[in-house]
Amino acid sequence: EKGGYDHFMLKEIFEQPHTIFDCLRGRLDATNGTITMSGIQQYAEQLTQAKRIIIVACGTSWHAGLVAEYIFEEVTRIPVEVEYASEFRYRNPVVGEGDVIIAISQSGETADTLVAIESAKEKGAIILGVVNVVGSSIARTSHGGAYTHAGPEIGVASTKAFTGQLAVLTMMALKIGHLKGTLSEKRYTHLLNELNDVPEKVALALEQKDHIEALALKYKDATDALYLGRGYNFPVALEGALKLKEISYIHAEGYPAAEMKHGPIALVDDKLPVFFVATKDSFHEKVLSNMQEIKARKGKVIAIVSEGDDAANALADDLITVPFADELIAPMINAIPMQLLAYYIGVAKGYDVDKPRNLAKSVTVE
Ligand code: F6R
């Protein structure tokens, strides 16, 4: 049932070209320039008129929410807040009619996320679920939404559900931006095509497998690691650090690259691996200067870069190259090397990567 792979986690990482394709199928039509999502279209009016959007989630799903915040604000110009469900539910949040809540959950059973949307629903908010498990509690509690169609995720650490969430959230944002007119026709068409190309680019990113395994052997004995990124790649850095913590038990922190100067840079020495998510985007020059700052302090720089990026090449100790994609779309591709790296480090250390210690697949208690 692991389909010839050593672990479910690896199988699920490698399924992503297909799971993302399944998620887009029947919804995205790049040729005709349409996105069809019935569970979103029903709420089109509330969405286009929303004063704000609040995203609630936990863990990896919360990271998908952060990427969505950047995408939604860019293309819909609706202010977005991303909340940890556990914090949101307990602080008597200001929420009510006119608010749209997006709940993101692989399992659809995370207790904090479920209770957060139940109380927001009582107060009159519209709840849209982005859920993987069909018929789950969060899916049933939501007014509408869209399934990620990633198939069962057995590995405890979330991989294919994350990229599925990003695919759904991106389609939602493009749909709303297009309806609202906040997204130009040209940019809309371009992004539809970019989204359409994701499965193929993810497959290319997966071809880095052996190289990433070699890097895993090189860095597996680190006691700490830093993950840095800016803009759309900042949440990817957070997700990279979370994957490493969960699977390899190496202490890792993700930060916006510029925040490093405000504290974490004190950690940098010649033993600290610093993973930069540094693909070509509007923040690229800034990220390169952050890399330089780490190099100047003798940190080890491992950079995830777009193919053919010579500037980054000169600054990094090690490179992982991925196909170039528009910055809105890139997180789906850049997440792949993060997942593989955590996987191979965990395996090299002899850990049970499918069932990391102390973790449960779905957190149904608060
Ligand atoms: C991380 C991971 C967890 C979940 C979190 C939310 O790899 O799996 O952080 O993302 O527990 O779970 P769902 O998405 O099921 O609500």
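Above: the structure in question.
Definitions and limits used
- Residues numbered from 1 in each chain as written.
- Predicted model: local features only at pLDDT ≥ 70, side-chain atom pairs only at ≥ 80, totals over all residues.
- Heavy atoms only, no water.
- Helix = DSSP H or I, 4+ residues; strand = E, 2+ residues; numbered from the N terminus.
- Buried < 20%, exposed > 50% of the residue type's maximum accessible area, 1.4 Å probe, protein only.
- Contact = heavy atoms within 4.5 Å.
- Areas by Shrake-Rupley, 256 points an atom, 1.4 Å probe, with all protein chains shown as cover.
- Lys, Arg positive; Asp, Glu negative; His and termini not counted.
- Charge placed at Lys NZ, Arg CZ, Asp CG, Glu CD.
- Near = heavy atom within 4 Å.
- Polar contact = N/O pair within 3.5 Å; in protein donor to acceptor, adjacent residues only side chain to side chain.
- Pairing = 2+ DSSP bridges.
- Axes fitted to C-alpha atoms, helices over the stretch in contact; angles between N-to-C directions.
- Phe/Tyr/Trp six-rings, centres within 6.5 Å; stacked < 30°, edge-to-face > 60°.
- Lys NZ or Arg CZ within 6 Å of the ring centre and 35° of its normal.
- Expected span 1.5 Å × (residues − 1).

Describe the overall build of the chain, with residues and values.
A count of helical and extended segments in the chain gives 16 helices and 12 strands. Reported as C-alpha extents along the three principal axes, the dimensions of the chain are approximately 55 × 45 × 45 Å. Considering the chain as a whole, with its 366 residues, one finds that 60% of them fall into the buried category. Partitioning the contacts of the chain with sequence separation of at least 6, the portion at a separation of at least 24 is 75%. A total of about 14,500 Å² of accessible surface is found on the chain, and carbon and sulfur atoms cover 50% of it. Of the charged side chains in the chain, 36 are positive and 48 negative; the average position of the first set lies 2 Å away from that of the second.

Describe the site of the ligand, listing the residues and the values that go with them.
Around the ligand sit 13 residues, and of these S61, S105, Q106, S107 and T110 come closest. A distance of 2.6 Å is found between an oxygen atom of the ligand and a side-chain nitrogen or oxygen belonging to S105. Between K243 and the ligand, the recorded distance is 3.0 Å, taken from a side-chain N or O atom to an oxygen atom. Burial of the ligand by the protein amounts to 90% of the accessible area it has alone, namely 400 Å². Put simply, the parts of the chain that give the shell around the ligand at least two residues each are α5 (59-76) and α13 (234-248).

Talk me through the side chain of T141; I want residue IDs and the actual numbers.
Position of T141 among the secondary structure elements: in helix α8 (residues 137-141). Judged by its relative accessible area of 13%, T141 is buried. In this structure the side chain of T141 is engaged in a polar contact, spanning 2.7 Å, whose partner is the backbone oxygen of S137. With near-sequence residues (within four places) excluded, T141 lies in contact with L114, I117, E118 and K121.

Account for the sheet that holds strand β8 (residues 224-229), naming residues and giving values.
What links the strands of a sheet is backbone hydrogen bonding, and the strands pair in either a parallel or an antiparallel sense. Reading across the sheet, the five strands line up as β9-β8-β10-β11-β12 and stay open at both edges, with parallel pairing between neighbours. Of all strands in the sheet, those with a lone pairing partner are β9 (251-256) and β12 (318-322), marking the two edges. Across this sheet, the average inter-strand angle for adjacent strands is 20 degrees, counted without regard to direction. Inspection of the sheet shows β8 paired to β9 by six bridges, in the parallel sense. Looking at β9, one finds that L226 is bridged to E253. Its contacts with the sheet place helix α14 (residues 284-296) against β8, β10 (273-277) and β11 (300-306), and it is angled at close to 175 degrees to β10.

Quick rundown of unusual backbone geometry? Include the residues and the values.
Although it is not a glycine, R77 adopts a positive phi angle of roughly 60 degrees. The residue R77 is located in the loop between α5 and β4 (80-84) in this model. Under the relative-accessibility criterion, R77 is labelled exposed at 56%. With a phi close to 65 degrees, N358 is a non-glycine residue in the positive phi region.

Outline the packing of aromatic side chains, listing residues and values.
Within this structure, the stated rule accounts for seven aromatic pairs. Ring geometry for Y249 versus Y351: centroids 4.5 Å apart, planes at 35 degrees, classification tilted. Taken together, the residues span a long stretch of sequence, with Y249 in the loop between α13 and β9 and Y351 in the segment after α16 (330-348) at a distance of 102 residues. Taking relative accessible area as the criterion, Y249 reaches 23% and is therefore assigned partly exposed. Aromatic rings pair up to connect Y219, Y227 and F275 into one cluster. One residue, R357, lies across the ring of Y249, its end atom 3.8 Å from the ring centre.

I'd like a description of helix α9 (residues 160-180), backed by residues and values.
An ideal rise of 1.5 Å per residue puts 30 Å on 21 residues; α9 measures up with 30 Å between its terminal C-alpha atoms. Of all 21 residues in α9, 18 are buried; the element is thus mostly enclosed. A positive backbone phi angle near 85 degrees is found at G181, which sits one or two residues after α9.

Tell me about the environment of A50, and please be specific about residues and values.
Take A50: it is sitting in the loop between α4 (44-49) and β3 (52-57). Taking the C-alpha atoms as reference points, A50 and I126, 76 residues apart in sequence, are found 9.9 Å from one another. Those residues within four positions of A50 in sequence are excluded, and the remaining contacts are I78, G98 and V100.

The values reported here are purely geometric and, on their own, carry no functional implication.
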